[in-house]
Amino acid sequence: RTMRPTSTSNLEDVELGTTSSTNKSGTARSRPMMKLKDSNIVELQPLVEPNSRSSKGDGESSSFAKNIVATTMYSGCSIGMVLVNKSLASSYNHLIEGDLNILLVVFQAITAVICVEFSKFMGWVEYPNFNYQTARLWAPVNLFFCGMLFTGMASMQHNSVPMVTVFKNITNIMTTIGDCILYGAGIELLVMAAFGIMLLGAVFAARNDADITKTGLFWMLGNCLCTSGYVLYLKYATKTVKLSKFGMVFYNNVLCTCFLLPVTIFNGELSMFLSTSALHTVDYAVKNWFAGFVGFFLNFASLNCVAQTGPTTYAMIGSLNKIPIAIFGYLIFDSDISSETW
């Protein structure tokens, strides 16, 4: 059997997504490029692949934009949280003997749980109900966090502020090295140079207060390990625990409340708060609720920043936040900034 000639408009047919065939009279007939199977129309894949280089460039731009948004959110929430807590401390600490630092964390965690549960009730977010197995996987994050709080308070009692600043910068370097070893993250030269400059600046500022005791050194090393462990395990948890970011916020604050509320009972902070009627005001309650509301967003921003960028960037942003915090503290609370600090 001889083949009949087909239409010469094949190129046009391809561009239009059609193919040509001939009928018995030898005339060309176009039909759409589709395939019938079980009475369902299935479209064929495009004949021309998209430009892979263009797709790669778009993906890199999108990733860069997400990183900028994640770091900006974390930085803004972190600065806001410090300023709100500073306002609480400066307004009410003179009414009590001591402080209520851990109890404030509990108040803020309870507020964050209420916020995320209300969002779930309204249908704005979705995450599964409380599960013991999931809580067990997330618990090390809160254990590191509690350790970071306790060792940080103890180190402030046994060391000067400049020495604590020096060790905070050492913590950032430890976090970067851990990120490289555990997760294979690359360390850029400029990042290490920035950490080195911050460490040298802290050492220079602390040169007149470079005294440290064995007890102070013990607590500072413990704080370095807990802080680095918290950030590094946080990245592991965000990658392995199958939860949405809001689910992580829920578990993070529920477990934080369970771990820290008994501590406030044993160290007397809860009884001090209950026995101090000057703190039982609407103003104090509103400020605590607002602090918890900011903490809710800070939880989400921290988890998102670690998951999106990594522990090294998270540590770097935390260090850089000290600059705007110092400036805002000077402008809002009339805090003194020494010439060495400048």
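Bear in mind that the values here come from a model prediction, so they are computed numbers and not experimental data.

(A) Representation of the side chain of Asn 321 within the structure. Relative to the elements of secondary structure, Asn 321 occurs in the loop between helix H11 (311–320) and helix H12 (322–333). On the basis of relative accessibility, which here comes to 3%, the residue Asn 321 falls in the buried class. Within the local environment of Asn 321, its side chain forms a polar contact with the side chain of Ser 78, the two groups lying 3.4 Å apart. Residues in contact with Asn 321, not counting those within four places in the same chain, are Tyr 74, Ser 75, Ser 78 and Ile 79.

(B) Up close: the confidence of the model for the protein. The pLDDT averaged across the protein works out to 76; a share of 75% of its residues lies at or above 70. Of all secondary-structure elements in the protein, the lowest mean pLDDT belongs to helix H1 (residues 10–16), at 41, while helix H8 (residues 245–266) reaches the highest, 91. Here residues 6–22 scores under 50 on pLDDT; set against residues more than four positions off or in separate chains, the count is 26 contacts.

(C) Inspection of helix H10 (residues 282–308) at higher detail. For H10, which comprises 27 residues, the first-to-last C-alpha distance of 39 Å matches the rise-based estimate of 39 Å (1.5 Å per residue) to within 8%. Just downstream of H10, Gly 310 is the residue with a positive phi angle, here 120°.

(D) Here's a closer look at the packing of helix H3 (residues 101–121) against helix H4 (residues 132–158). Put simply, H3 and H4 touch, their axes get as near as 11 Å, and they point 155° apart. When the axes of H3 and H4 are compared, the pair comes out roughly antiparallel. Two packed elements cross with a definite hand, and for H3 against H4 that hand is right-handed. Contacts from Asn 101, Ile 102 and Val 105 in H3 reach Phe 145, Leu 149, Phe 150 and Met 153 in H4.

(E) Spotlight on a nonpolar patch on the surface. A cluster of nonpolar side chains, Leu 320, Ile 323, Ile 327, Phe 328, Tyr 330, Leu 331 and Ile 332, forms an exposed patch at the surface whose accessible area comes to about 670 Å². At 6 residues, H12 tops the list of elements feeding residues into the nonpolar patch. Looking at the element boundaries, Ile 332 is found in helix H12.

Cut-off values and rules
- Residues numbered from 1 in each chain as written.
- Predicted model: local features only at pLDDT ≥ 70, side-chain atom pairs only at ≥ 80, totals over all residues.
- Heavy atoms only, no water.
- Helix = DSSP H or I, 4+ residues; strand = E, 2+ residues; numbered from the N terminus.
- Buried < 20%, exposed > 50% of the residue type's maximum accessible area, 1.4 Å probe, protein only.
- Polar contact = N/O pair within 3.5 Å; in protein donor to acceptor, adjacent residues only side chain to side chain.
- Contact = heavy atoms within 4.5 Å.
- pLDDT = per-residue confidence, 0-100.
- Expected span 1.5 Å × (residues − 1).
- Axes fitted to C-alpha atoms, helices over the stretch in contact; angles between N-to-C directions.
- Parallel < 35°, antiparallel > 145°, perpendicular 65-115°, else oblique.
- Left-handed = near helix turned anticlockwise from the far one by under 90°.
- Patch = residues over 30% accessible without salt bridge, like charges linked within 9 Å, V, L, I, M, F, W, Y side chains within 5 Å.
- Areas by Shrake-Rupley, 256 points an atom, 1.4 Å probe, with all protein chains shown as cover.
- Salt bridge = Lys/Arg side-chain N within 4 Å of Asp/Glu carboxyl O.

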